[in-house]
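Here is what each chain is made of, one letter per residue.
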Amino acid sequence: MDSVYIRGGIVLQGQVSIQGSKNAVLPVLAATLLAEGTSVIENCPRLADVYHMQTLLQSLGCSVTRDKNMLRVNTEGMSRLKALSGDMPKEAVESMRSSIFLLGALLNKTGEVELAYPGGCVIGERPIDIHIEALKQLHVSFEEKSYGLHAYTEGLKGADITLPFPSVGATENLLLAAVGADGTTIIRGAAREPEIVTLCRFLSACGADITGGGSSTIIIQGRKKLCAADFAIPGDRIVAGTYLCACLAVGGEVLLMEAPTEQMQAIKKVAETMGAVWQETDKGLYIQRRERLKAPKQLITAPFPGFPTDMQSLFLPVLALAEGNCTVVENIFENRFHIIPDLNAMGAKIEQMDAKNARVEGVEQLTGCRVQAKELRGGAALVIAGAAAKGETIVDGCGYIERGYENICRDLRELGVRIYGV
Ligand code: UD1
């Protein structure tokens, strides 16, 4: 899908099922490498990054089969040779950030890995220094090579590690390595995101001994035998948040089925402060917005349980249409404001003060025009702006959006948006 065409301004009404979480499924798939036998992972979204991870697991010798949204990963054919031969398709490694999880998983499984550097993206540089420094403490050595990184260990050894920042990816990588380390590993300053909890739950289901997942201190007793497990990936909190934002920006009422509401409390707080109705029902998350919303004074992103950085872009069109002014502070990524010129072209009044701060002055209406997606969440935010705007909006560059949404057009049509992709 290259472009999305939206005829905006139609009040939302309807219900939609929320797909499985992209950020949760990728480390879980990397973790299947560690377990003997066939793991069955349900509710895997159909997304490019998931297909890339399937390809990578297959290139390592695993058998991976898909039946709708269920993946079966059998690790019997996996060989140490494969992890070293550089056979992992470079394109799959470099095209997604999550290939970095193979570092921790393969060091655990084989003791040595050659890996091209994972992809960065326009939201920021996304270095991996925290991953590398932490893994070194588990007795891993690194060498820079022309193809990327060569990492090896004589044997992983548990350690007491303090992360300088609660990096989600570094915490996940450490977990993947530490479950195979000799002795106890303590991760202090760990990320607390729900995706960490999901990975800990999967590893524990396989037989790992992990306590404290979801808190700042995680304790892992290593070298437990890991056997394959059946596991279901929870709903995607950011996708649920996206359709919530569509309702907040456009108005109306929606039911978001399988929305993981317990993971969305920071979003709930902002939505309710602005005047939306939020009801957690047996059928899912019910959202209603009738009147124009009131802007909160500030929206500040922070590591979980703070307001998620991924939701910052998605709230920009909501804030652009709210009554009053809001300062947005982006604390996680250094380049997450680049949709501001596109939103302003649609009639928003948003001023970027510096890399971290933007000021939004609410306007009564946005007007459709042709805009360009440059990354995943920013692209989805432009679609939301289009759904709220008067007239027609065309969002180009929608390949980025497909990296995180199985079918954003189908889902938004379920909610009443007049939208199609070409
Ligand atoms: C994950 C999510 C992403 C989300 C982010 C923060 C996945 C696939 N992606 O990304 O959607 O926005 O968490 O919730 O799960 N950093 C370093 N050095 C490192 C690692 C990180 O400087 O070694 C910096 C990053 O550049 C960024 C910040 O720390 O500025 C947060 O990164 P991190 O928490 O690691 O995010 P990701 O795991 O990449």
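Residues numbered from 1 in each chain as written. Predicted model: local features only at pLDDT ≥ 70, side-chain atom pairs only at ≥ 80, totals over all residues. Heavy atoms only, no water.

(A) The arrangement of the pairing of strand S16 (residues 284-289) in detail. Of all six residues that make up S16, six are buried, and the element is covered over most of its length. Pairing analysis gives five bridges linking strand S14 (residues 252-257) to S16, with the strands arranged antiparallel. Its bridge partner being in S16, Glu-253 is matched across the sheet by Gln-288. Across five bridges, strand S15 (residues 277-281) lies against S16 in antiparallel orientation. Residue pairing for S16: Thr-281 is matched across the bridge by Gly-284. (Buried < 20%, exposed > 50% of the residue type's maximum accessible area, 1.4 Å probe, protein only. Helix = DSSP H or I, 4+ residues; strand = E, 2+ residues; numbered from the N terminus. Pairing = 2+ DSSP bridges.)

(B) Structural view of the side chain of Thr-198. Topologically, Thr-198 is positioned in helix H8 (residues 194-206). Residue Thr-198 is classed as buried on the basis of its relative accessible area of 3%.

(C) The sheet that holds strand S5 (residues 70-74), seen in detail. Strands sit in the order S4-S5-S3-S13 across an open sheet of four strands; the sheet is mixed. Each having just a single partner strand, strand S4 (63-67) and strand S13 (230-232) make up the two edges of the open sheet. Averaged over neighbouring strand pairs, the angle between their axes works out to 15° when direction is ignored. Packed onto the sheet, helix H1 (residues 22-32) meets strand S3 (38-42), S5 and S13 and runs at close to 170° relative to S3. Across the sheet, helix H2 (residues 48-59) is in contact with S4 and S5; its angle to S4 comes to roughly 145°. (Axes fitted to C-alpha atoms, helices over the stretch in contact; angles between N-to-C directions. Contact = heavy atoms within 4.5 Å.)

(D) Region of interest: the sheet that holds strand S8 (residues 148-152). Strands sit in the order S6-S8-S7 across an open sheet of three strands; the sheet is antiparallel. A strand with exactly one partner marks an edge of an open sheet, and here the two such strands are strand S6 (112-115) and strand S7 (141-145). Across the sheet, the mean angle from the axis of one strand to that of its neighbour is 15°, orientation sign disregarded. The pairing of S7 with S8 spans five bridges and is classified as antiparallel. Across the sheet, the residue bridging to Ser-141 is Tyr-152, located in S8. Running at roughly 150° to S6, helix H5 (residues 101-110) makes contact with S6, S7 and S8 of the sheet.

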